[in-house]
Amino acid sequence: MKKSIIGLIWGESTLKVMAILYDSVITAFLLQLGLKNTQIGLIWSVVLLTQMLFDYPTGSFADRYGRLKIFTVGMVLTGSAIVMIAYSINVIMLYMSAILMGIGESQISGTLFPWFINSLDMSENLQEKEEYILKSNGQVQYSANIIGILTGFVISFLNLDYKFMLVLAGTFQAINGILIYFSFKDNKSTEVNLIKIGKKSFYIFLKEYKLWVYTLAMTVHYSFYSIYLFIWQPRANLLGVVGSKLTGINSIYLLCLVVSGLVIKYKKEIKNYLYILCTILIPISLIIIYHSQSMTLYLIGIILLGFSNGMIAPQIMSTVHYFITDEVRSSVISLVSSLSSVFLIFLQVIIGKILDIKGNFYLEILCVLFGIIYIICIILILKWIRKNNCTI
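Residues numbered from 1 in each chain as written. Predicted model: local features only at pLDDT ≥ 70, side-chain atom pairs only at ≥ 80, totals over all residues. Heavy atoms only, no water.

Draft legend 1. Up close: the overall build of the chain. Counting secondary structure elements, the chain contains 15 helices and zero strands. For 392 residues, the compact-globule estimate of 2.2 N^0.38 gives 21 Å, and the chain sits close to it at 20 Å. Across its three principal directions, the C-alpha atoms of the chain cover 55 × 45 × 35 Å. Classification of the 392 residues of the chain by burial places 56% in the buried group. Once local pairs closer than 6 in sequence are excluded, the contacts in the chain between residues at least 24 apart make up 87%. In the structure as shown, the chain presents an accessible area of about 16700 Å², 69% of it carried by carbon and sulfur atoms. Counting 29 positive and 19 negative side-chain charges, the chain places the centres of these two groups 2 Å from one another. (Helix = DSSP H or I, 4+ residues; strand = E, 2+ residues; numbered from the N terminus. Rg over C-alpha atoms; globule rule 2.2 N^0.38 Å. Buried < 20%, exposed > 50% of the residue type's maximum accessible area, 1.4 Å probe, protein only. Contact = heavy atoms within 4.5 Å. Areas by Shrake-Rupley, 256 points an atom, 1.4 Å probe, with all protein chains shown as cover. Lys, Arg positive; Asp, Glu negative; His and termini not counted. Charge placed at Lys NZ, Arg CZ, Asp CG, Glu CD.)

Draft legend 2. Representation of the side chain of Arg235 in the model. In this fold, Arg235 is placed in helix H10 (residues 210-238). In this structure Arg235 is buried but unpaired, with Glu364 as the nearest side chain of opposite charge at 10 Å. (Salt bridge = Lys/Arg side-chain N within 4 Å of Asp/Glu carboxyl O.)

Draft legend 3. Looking closely at the packing of aromatic side chains. Taken as a whole and judged by the stated rule, the model has 12 aromatic pairs. Between Tyr214 and Trp384, the ring centres sit 6.4 Å apart and the planes meet at 40 degrees, which makes this aromatic pair tilted. Placement of the pair is Tyr214 in helix H10 and Trp384 in helix H15 (residues 360-391), with a sequence separation of 170 residues. Taking the relative accessible area as the measure of exposure, Tyr214 reaches 0% and is therefore buried. Three or more aromatic residues joined by ring pairs form one cluster here, namely Phe224, Phe343, Phe370 and Tyr374. The side chain of Arg235 reaches across the aromatic face of Tyr290, ending 5.9 Å from its centre. (Phe/Tyr/Trp six-rings, centres within 6.5 Å; stacked < 30°, edge-to-face > 60°. Lys NZ or Arg CZ within 6 Å of the ring centre and 35° of its normal.)

Draft legend 4. Representation of a nonpolar patch on the surface. On the surface, Ile357, Phe361, Tyr362 and Ile365 cluster together into a nonpolar patch covering about 450 Å² of accessible area. Take Phe361: it is sitting in helix H15. Judged by its relative accessible area of 53%, Phe361 falls in the exposed class. (Patch = residues over 30% accessible without salt bridge, like charges linked within 9 Å, V, L, I, M, F, W, Y side chains within 5 Å.)

Draft legend 5. Just the layout of surface pockets, in detail. By volume, the second largest pocket is sized at about 330 Å³. Lining the second largest pocket are 14 residues, and of these Pro234, Arg235, Tyr290, Leu355 and Lys358 sit closest to its centre. Broken down by secondary-structure element, the contributors of at least two residues to the lining of the second largest pocket are H10, helix H12 (272-291) and helix H14 (329-356). Here the lining of the second largest pocket takes five residues from H10, the largest share from any one element. (1 Å grid on protein atoms, 1.4 Å probe; cavity = no way out; pocket = protein on both sides within 12 Å on 5 of 7 lines; lining within 4 Å. Points joined across faces, edges and corners; volume = space filled by probe spheres on them.)

Draft legend 6. Spatial organisation of the nonpolar core. Residues Tyr22 and Trp44 are the most contacted members of the largest nonpolar core, which totals 93 residues. Considering every element that reaches this core, the biggest residue donor is H10, with 14 residues. Residues within four places of Trp44 in sequence aside, it is in contact with Tyr22, Ile26, Leu30, Leu229, Phe230 and Gln348. Listed in part, the 17 residues of the second largest apolar core include Phe71, Leu112, Phe113 and Leu120. (Core = buried A, V, L, I, M, F, W, Y, C linked by side-chain atoms within 4.5 Å.)

Draft legend 7. Looking closely at H10. For H10, built from 29 residues, the straight-helix expectation of 42 Å at 1.5 Å per residue is met to within 8% by its first-to-last C-alpha distance of 43 Å. A bend of about 25 degrees at Tyr228 is the largest found in H10. Buried residues dominate H10, accounting for 22 of its 29 residues. Phi turns positive, to about 100 degrees, at Gly240, one or two residues after H10. (Expected span 1.5 Å × (residues − 1). Bend = angle between axes of the 7 residues up to and from the residue.)

Draft legend 8. Structural view of the pattern of salt bridges. Applying the stated criterion to the full structure yields two salt bridges. Notably, a salt bridge pairs Arg67 with Asp63, separated by 2.8 Å at the nearest N-O pair. In this pair, the class of Arg67 matches that of Asp63, namely buried. Across the pair Lys210 and Glu208 runs a salt bridge, and its minimum N-O distance is 3.7 Å. Overall, Lys210 belongs to the buried group, its relative accessible area being 17%.

Draft legend 9. Looking closely at the side chain of Ser308. Along the chain, Ser308 falls in helix H13 (residues 295-317). Judged by its relative accessible area of 0%, Ser308 is buried. Not counting residues up to four positions away in its chain, the partners in contact with Ser308 are Cys278, Leu281 and Ile282.

Draft legend 10. Quick look at the environment of Leu211. The residue Leu211 is located in helix H10 in this model. Separated by 170 residues in sequence, Leu211 and Ile381 place their C-alpha atoms 10.0 Å apart. Contacts of Leu211, omitting those with residues within four sequence positions, involve Ile204, Phe205, Val320, Phe323, Ile324 and Val332.

Draft legend 11. Molecular detail of the packing of helix H4 (residues 67-86) against helix H5 (residues 91-108). At a closest axis distance of 7 Å, the pairing of H4 and H5 adopts a crossing angle of 160 degrees. In terms of axis orientation, H4 runs roughly antiparallel to H5. Pair H4 / H5 crosses with left-handed handedness. Here H4 contributes Ile70, Phe71, Val73, Gly74, Met75, Leu77, Thr78, Ser80, Ala81, Ile82, Met84 and Ile85 to the contact with H5, which in turn contributes Met93, Leu94, Met96, Ser97, Leu100, Met101, Ile103, Gly104, Glu105, Gln107 and Ile108. Residues belonging to the contact of H4 with H5 are distributed by class as follows: 16 nonpolar, six polar and one charged. (Axes fitted to C-alpha atoms, helices over the stretch in contact; angles between N-to-C directions. Parallel < 35°, antiparallel > 145°, perpendicular 65-115°, else oblique. Left-handed = near helix turned anticlockwise from the far one by under 90°. Nonpolar A, V, L, I, M, F, W, Y, C, P; charged D, E, K, R; others polar.)

Draft legend 12. Region of the structure containing the environment of Ile302. Tracing the backbone through its elements, the reader meets Ile302 in helix H13. In this structure the C-alpha to C-alpha distance between Ile302 and Tyr253, which are 49 residues apart in sequence, comes to 5.9 Å. Beyond its immediate stretch of four places on either side in the chain, Ile302 contacts Tyr228, Ile249, Ile252, Tyr253 and Ile289.

Written as structure tokens, this is what we have:
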């Protein structure tokens, strides 16, 4: 059990460091190449479309052939795609990189955390196991984020250009993906028939309506992140933060995720109203970031968003596993991820177009609409978690 959580922390930390290097500069890098927000949105749409097409099949492959094995393939492909982006000399190369990244992301999605859960000892007390899963998610979140924060603050003092940071991110991810695979024992489903795995996972999704709400919640969560990815770097540039110094801003965001992770891990009981408040604060913080005219106001938005996301995301990403059987866990999670991508494909272009025409009002409406849907989803999820704990 202890070794499996080390593997989870290692994998998540690798993804976090990669995110510090990649997410901190990718929008600024593409804008520097001369692309408009709409073009950037199209590139993200290609990533998501490819991911959607490959997500569900690779989930079944993970259940059949080994979750850690497929995770490693995804880490190598995604890392290679990031390096390819850095050396792209035209839009065609960027789209090819986007396709490769989409394939890689589909391998990573629904593999690492299901591998961790299936590596746990089967406890007779189901409630203890579920509490351990949620607490472990919090522990992994703050451990990985601390590593990301330290990396970000160190890099912020270095004079690194966008291209070098992207190459570093891709190389780091690919190498660590390979090392993780050879350091831990893999696991897979007892079912060897891929068709049966696919049919059973689809049947479970159709039968369990709670998974529909989780899918909607994940869609909104990634929609908020898409908006964030579009706006935070250009706004920071306008406020005078450029180059590798952007990692410092990202580190502050991760620091807030660490704080929320500590709250989840060590506070015995968290009132539901705190989760609802955090859900409300997410769209508000995005609007603050987009409209901020001072660094103080900008940082307030970043801090609110980081803490709120850190409180809400584990409630979605961890507890969804309560309603999925072990043998098709990766397949169902990949199916949920694939369905979420359908809407996100179109959203990228919509956000890019709104930003290009400077449609502030439309962006605010989008945030408020997503916020209302998010609140409804979180209320339902919290209700199911409470009911599930009471019946065990």
